Amino acid sequence: MRAQDHRPGPHLTVSDTNEAIAFYTDVFDAVAIQRECLLDGRVLHAELAVGGHRLTVSEWYEAGTASAVESRDDVLTIERTDPESVLRRAVAAGARVETPADPSRQVTLRDPAGLCWAVVGPQRAA
């Protein structure tokens, strides 16, 4: 999928949309394509371009209920030319590195919103 591709991408539900957008912008070089804001300035949802893909980030709030994001096991994969640099920026911005139980699997990180990401290097031609 490329940036000009208009198919819907993943929809990420977070507890603080502004914080998530700032993290994805700083760490993954995300670019905001569209934002819908509430009167108090909070971002209700935003569409971002990240590494040639589109994703939607929105806030979920239900009074008296904690966000269910922390328990999600979905892993989003992003390709970068320098994955180690992205990993360092992510940790500096509050992400946690999660080493998988199976050593043959890649290392993932959990962003401050609780979502898991795998940052990989470019695919090499066979």
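Fair warning: this is a prediction, and the values are worked out from it, not measured in the lab.

Chemist: Where do I start with unusual backbone geometry in this structure?
Modeler: Comment: phi is negative for the bulk of residues other than glycine, and the bulk of peptide bonds are trans. Phi at Asp 29 is positive, roughly 60 degrees, even though this residue is not glycine. Structurally, Asp 29 is set in the loop between helix 1 (17-28) and strand 2 (31-37).

Chemist: Explanation requested: the pairing of strand 2 in the structure shown.
Modeler: Moving residue by residue along a regular strand, the side chains alternate between the two faces of the sheet. Both strand 2 and strand 3 (residues 43-50) contribute to a ladder of six bridges, which runs antiparallel. Its bridge partner lying in strand 3, Ala 32 is registered against Leu 48. From the end of strand 2 to the start of strand 3, which pair antiparallel, there are five residues, and Gly 41 there has a positive phi angle of about 95 degrees.

Chemist: How should I be thinking about the packing of aromatic side chains in this particular structure?
Modeler: Two aromatic rings are characterised by how far apart their centres lie and by the angle between their planes. By the definition in use, this model includes five aromatic pairs. Aromatic side chains Phe 23 and Tyr 24 sit 5.7 Å apart centroid to centroid with 80 degrees between the ring planes, which places their arrangement in the edge-to-face category. With respect to class, Phe 23 is no different from Tyr 24; both count as buried. Taken together through their ring pairs, the aromatic side chains of Phe 23, Tyr 24, Phe 28 and Trp 117 make up a single cluster.

Chemist: Mind showing me how you'd approach the sheet that holds strand 2 here?
Modeler: The strands that make up a sheet pair up through hydrogen bonds in the backbone, lying either parallel or antiparallel. Taken together, the four strands give an open sheet; going across it, the order is 1-4-3-2, and neighbouring strands pair in mixed fashion. Sheet topology places strand 1 (11-14) and strand 2 at the edges, where each strand pairs with a single neighbour. Sheet twist, expressed as the average angle between the axes of neighbouring strands with direction ignored, equals 20 degrees. Two elements, strand 1 and strand 4 (residues 53-59), share four bridges in a ladder whose sense is parallel. Within the sheet, the bridge partner assigned to His 11 lies in strand 4 and is Thr 56. Packed onto the sheet, helix 1 meets strand 1, strand 2, strand 3 and strand 4 and runs at close to 15 degrees relative to strand 3.

Definitions and limits used
- Residues numbered from 1 in each chain as written.
- Predicted model: local features only at pLDDT ≥ 70, side-chain atom pairs only at ≥ 80, totals over all residues.
- Heavy atoms only, no water.
- Helix = DSSP H or I, 4+ residues; strand = E, 2+ residues; numbered from the N terminus.
- Pairing = 2+ DSSP bridges.
- Phe/Tyr/Trp six-rings, centres within 6.5 Å; stacked < 30°, edge-to-face > 60°.
- Buried < 20%, exposed > 50% of the residue type's maximum accessible area, 1.4 Å probe, protein only.
- Axes fitted to C-alpha atoms, helices over the stretch in contact; angles between N-to-C directions.
- Contact = heavy atoms within 4.5 Å.

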